[in-house]
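Observations on chain architecture
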Amino acid sequence: MAKVKNYSAETRGVAQVVGSLYGLDFEQIISINRRRDLVDARKIMSVLLRNVYKLTFSKIGAILQRDHTTMLHYYRDHENLVETDPDYKHFYIRRCYFY
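What comes next concerns the included structure. (Residues numbered from 1 in each chain as written. Predicted model: local features only at pLDDT ≥ 70, side-chain atom pairs only at ≥ 80, totals over all residues. Heavy atoms only, no water.)

So, the overall build of the chain
Spelled out, the test is: Comment: elements are numbered from the N terminus, with helices defined as DSSP H or I runs of at least four residues and strands as E runs of at least two. Throughout, the radius of gyration refers to the C-alpha atoms, and the reference size of a globule is 2.2 Å times the residue count to the power 0.38. Relative accessible area decides the class of each residue, using a 1.4 Å probe on protein chains only: under 20% of the type maximum gives buried, over 50% gives exposed, and in between gives partly exposed. Calculation of accessible area relied on Shrake-Rupley with a 1.4 Å probe; when residues are assessed, cover is drawn exclusively from the protein chains displayed. Charge convention: Lys and Arg are scored as positive, Asp and Glu as negative, and His as well as the terminal groups of each chain are ignored. For charged residues, the charge sits on one atom: NZ in Lys, CZ in Arg, CG in Asp, CD in Glu.
Within the chain, the secondary structure is distributed over 6 helices and 0 strands. Ordered by position from the N terminus, the helices and strands of the chain form the series α-α-α-α-α-α. Relative to the compact-globule value of 13 Å for 99 residues, the chain shows a C-alpha radius of gyration of 12 Å, a close match. Considered along the principal axes of its C-alpha atoms, the chain spans approximately 35 × 25 × 25 Å. A buried classification covers 42% of the 99 residues belonging to the chain. Accessible surface, the chain as shown: approximately 5900 Å² in total, 50% of it carbon and sulfur. Averaging the coordinates of the 16 positive side-chain charges in the chain and doing the same for the 11 negative ones gives two points 4 Å apart.

With respect to the nonpolar core
To keep it simple, the criterion reads: What we call a nonpolar core is a set of buried Ala, Val, Leu, Ile, Met, Phe, Trp, Tyr and Cys residues that are connected through their side-chain atoms within 4.5 Å.
Counting 28 residues, the largest nonpolar core has Val18, Phe26, Ile29, Ile44, Met45, Ile63 and Leu64 as the members making the most contacts within it. Put simply, the parts of the chain that give this core at least two residues each are helix H1 (9-22), helix H2 (26-29), helix H3 (36-53), helix H4 (57-64), helix H5 (68-84) and helix H6 (86-95). With 8 residues, the top contributor of residues to this core is H3.

A word on the pattern of salt bridges
So the rule is basically this: Whenever Lys or Arg places a side-chain nitrogen within 4 Å of a carboxyl oxygen from Asp or Glu, that contact is recorded as a salt bridge.
Scanning all chains against the criterion turns up 4 salt bridges. One salt bridge in this structure joins Asp40 and Lys43, with 3.7 Å as the shortest N-O distance. Taken together, the residues Asp40 and Lys43, both in helix H3 and 3 residues apart, mark about one turn of the helix. As far as burial versus exposure is concerned, Asp40 and Lys43 are alike and both buried. Connected through salt bridges with shared partners, the residues Arg36, Asp40, Lys43 and Asp77 form a single ionic network.

That's the geometry; what it means functionally is another story.
Following this line, the structure appears as structure tokens:
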């Protein structure tokens, strides 16, 4: 499994923040498991890497061991959830928006 120490300081920082929010380590976040908390953690991590560090979907996909179309889907799904799911929006704004 990939270790977060092999990535940039930005990626390590985002992984640490997202991991602490969900009680997960980096290996769990990038796993193939489709449990809701893991998918949401990957989604939040991809959005932060995109919005804060302006990484391409391809680079984010390489970090999370997914292809760029999955990252695009995560990004669009995040935008939709912020608009339609009050619980998701509240979580994102309260916990991640500061980043």
